[in-house]
Amino acid sequence: MVVSTIKRLYNAFFPSTSLTVQSTETASRPLKFGILGAAAIAPPALIIPAKTHPEVVVYAVAARDVKRAEVYAQKHGIEKFYGGAEGYQKLLDDPEVEVVYNPLPNGLHYEWTMKALAAGKHVLLEKPAADTAEETRQMFELAEKKNLVLMEAFHYRFHPAIQRVKAIIDSGELGRLKSIENKLTTPAGFIKKDDIRFNLSLGGGSLMDMGCYTLNCLRYLSGTNPTQVLTAVASPSTSDSKVDRSMTATFDLPNDVFGSITCDLGVPWRFGLIPALPQVSSTVECEGGQVHIMNFVLPTLYHTIKVTKKKSGNDGKTETETRIEQVYNFADGKMEGKGEDWWLTYRYQLEAFVDKIKGRTPQTWVSKEDSVANMEWIERVYAKSGLGARPKSTFTLN
Ligand SMILES: NC(=O)C1=CN([C@@H]2O[C@H](COP(=O)(O)OP(=O)(O)OC[C@H]3O[C@@H](n4cnc5c(N)ncnc54)[C@H](OP(=O)(O)O)[C@@H]3O)[C@@H](O)[C@H]2O)C=CC1
Ligand SMILES: O=C1OC[C@@H](O)[C@H](O)[C@H]1O
């Protein structure tokens, strides 16, 4: 297991082009991507996955500082770079760029996605989609009007592991769904105080950052939206009392299902000495048992799906039977043989995103309705917590 894990991680982060499944001869013309911002997430989320996608070329990057753009471009083998105050717009004005990846701080998602769409580019947009549901709606409306592909990058949804958890719930094997509890937390100190995640004007906050996954996963696994936020308790960050360092919320869902989410950008260390273990889990209780996934966000690294089934013992007492599953690719041929153990969630996502642009059917999708609803429930949780919504963008498209 250790060897296979190391091999999987090595191939995930240092993929050789020889691992490309589809030959470049059968692939259609590559799409040229441009990245807005020399963001930390772009290498794992796009640049590395693109190396094994024959229909993707990461062609350009723009950064506010031209030197930063140049260094980033050289480091990642990107042909074109743009910088300075007009750098982002110059990238959008480049006719060679067909697709834009937007990993800007959340508070800038709306402005630059609207500008990218206005420039006629498809957009892969980082999560959470924007600061508000209304901004999210407007971005998708513009994409529809211009016949462009826009998707919020909820990458974990494209991986077979979370799809397996959903299939177990939907199969009825464990009986009626009763509750879902999702957690995504990291110990204090890993995210620095000056990080975009702690900046209110940039759309910071734990619910926006990690919480958007927990909420999305609650809605995905239940197959529905909550009916109400029951409770929402935020702990403020030390830098800004309007920015939630953590958020815990509970929900009513249809059919008497209970939901809860916890997200935390900096769990205090125990006794100030021992870092708390990160939590990245979803626990689903059903009448006939439980399914628990450890690491639903980055399952390629390692994950377990623990299924505990209740059964009646000989003496009439309830006993349990447990099995562990691990699912790194689609064994059922869902992707016509595509997909490898070492594919990151981002690689699965890129496959689907390109399929959509090319007019093929993606194996799954994160729809406009899904993204709008996720932002609506983020807004409702903030409202219930008393913190209020994140400041909406002041940008308007002329
Ligand atoms: N899908 C995933 O797994 C993950 C998604 N994310 C999402 O990606 C986005 C970026 O996160 P991350 O890469 O960690 O963040 P970074 O801080 O590394 O990148 C943000 C980029 O935004 C640009 N930027 C533009 N204006 C500002 C400003 N006023 N202040 C700060 N930065 C600015 C910077 O670009 P420049 O180079 O021009 O200076 C910077 O490179 C967020 O939306 C986050 O939620 C983050 C991590 C994981
Ligand atoms: O995947 C993630 O985990 C860490 C977070 O801070 C980040 O923004 C998120 O996308």
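Not measured: the values here are computed from a predicted model.

*Asks:* Whenever I open this one, the sheet that holds strand β2 (residues 56–63) confuses me. Can you help?
*Replies:* Across a sheet, strands are paired by hydrogen bonds formed along the backbone, either parallel or antiparallel in direction. Pairing in this open sheet of 6 strands is parallel, and the strands run β3-β2-β1-β4-β5-β6 from one edge to the other. A single partner strand is all that each edge strand has here, and the edge strands are β3 (80–83) and β6 (150–152). Neighbour-to-neighbour, the strand axes of this sheet turn through a mean angle of 20°, independent of strand direction. Where strand β1 (residues 31–36) and strand β4 (residues 99–102) come together, 3 bridges link them in parallel fashion. Opposite G34, over in β4, you have V100 as the bridge partner.

*Asks:* Explain unusual backbone geometry to me, please; I cannot follow it from the model alone.
*Replies:* Comment: phi is negative for the bulk of residues other than glycine, and the bulk of peptide bonds are trans. In this model, K127 is joined to P128 through a cis peptide bond whose omega is -15°. Here P128 lies in the loop between β5 (122–125) and α6 (133–145). The backbone phi angle of N147 is positive, close to 60°, even though this residue is not glycine. Secondary-structure assignment places N147 in the loop between α6 and β6. Its identity as a non-glycine residue notwithstanding, N295 has a phi of 70°, on the positive side. Locating N295 in the fold gives a position in the loop between β12 (289–294) and β13 (304–312). Here N295 falls in the partly exposed class, since 19 other C-beta atoms lie within 10 Å of it.

*Asks:* In this structure, what is going on with the site of ligand 1? I would like to understand it.
*Replies:* Taken together, 21 residues form the shell around ligand 1, and within it G37, A39, A40, I41 and A63 come nearest. Grouping the amino acids of the shell around ligand 1 by side-chain chemistry returns 13 nonpolar, 3 polar and 5 charged. Here the shell around ligand 1 gathers at least three residues from each of two domains, domain 1 (12–154) and domain 2 (156–385).

*Asks:* How should the UniProt feature "domain: Gfo/Idh/MocA-like oxidoreductase N-terminal" (unreviewed entry) in the protein chain be read in this particular structure?
*Replies:* As annotated in UniProt, the feature "domain: Gfo/Idh/MocA-like oxidoreductase N-terminal" (unreviewed entry) corresponds to residues 31–153 in the numbering used here. The span residues 31–153 carries 43% helix and 24% strand; its end-to-end C-alpha distance comes to 18 Å.

*Asks:* Please explain the environment of D370 as it appears in this structure.
*Replies:* With respect to the helices and strands, the residue D370 is situated in helix α10 (residues 368–385). Since 19 C-beta atoms lie within 10 Å of it, D370 is described here as partly exposed. Linking D370 and Y220, residues 150 residues apart in sequence, is a C-alpha distance of 8.9 Å.

*Asks:* What am I meant to see in helix α7 (residues 160–171) here?
*Replies:* An α-helical turn contains 3.6 residues, so any two residues separated by three or four positions project in the same direction. Between its first and last C-alpha atoms α7 spans 16 Å; for 12 residues at 1.5 Å apiece the expected length is 16 Å, and the two agree. Along α7, the positions that sit buried rather than exposed are P160, A161, I162, R164, V165 and I168. Those residues of α7 that are buried are in contact with α8 (206–222), β11 (279–286), β12, β13 and β14 (318–325).

So, how was this worked out
Residues numbered from 1 in each chain as written. Chains lettered and ligands numbered in written order. Predicted model: local features only at pLDDT ≥ 70, side-chain atom pairs only at ≥ 80, totals over all residues. Pairing = 2+ DSSP bridges. Helix = DSSP H or I, 4+ residues; strand = E, 2+ residues; numbered from the N terminus. Axes fitted to C-alpha atoms, helices over the stretch in contact; angles between N-to-C directions. Buried ≥ 20, exposed ≤ 12 C-beta atoms within 10 Å, placed from the backbone. Near = placed C-beta within 6 Å. Nonpolar A, V, L, I, M, F, W, Y, C, P; charged D, E, K, R; others polar. Domains from an automatic or database assignment. UniProt positions renumbered as here; feature names shortened; annotations may be inferred. Expected span 1.5 Å × (residues − 1). Contact = placed C-beta atoms within 7 Å.

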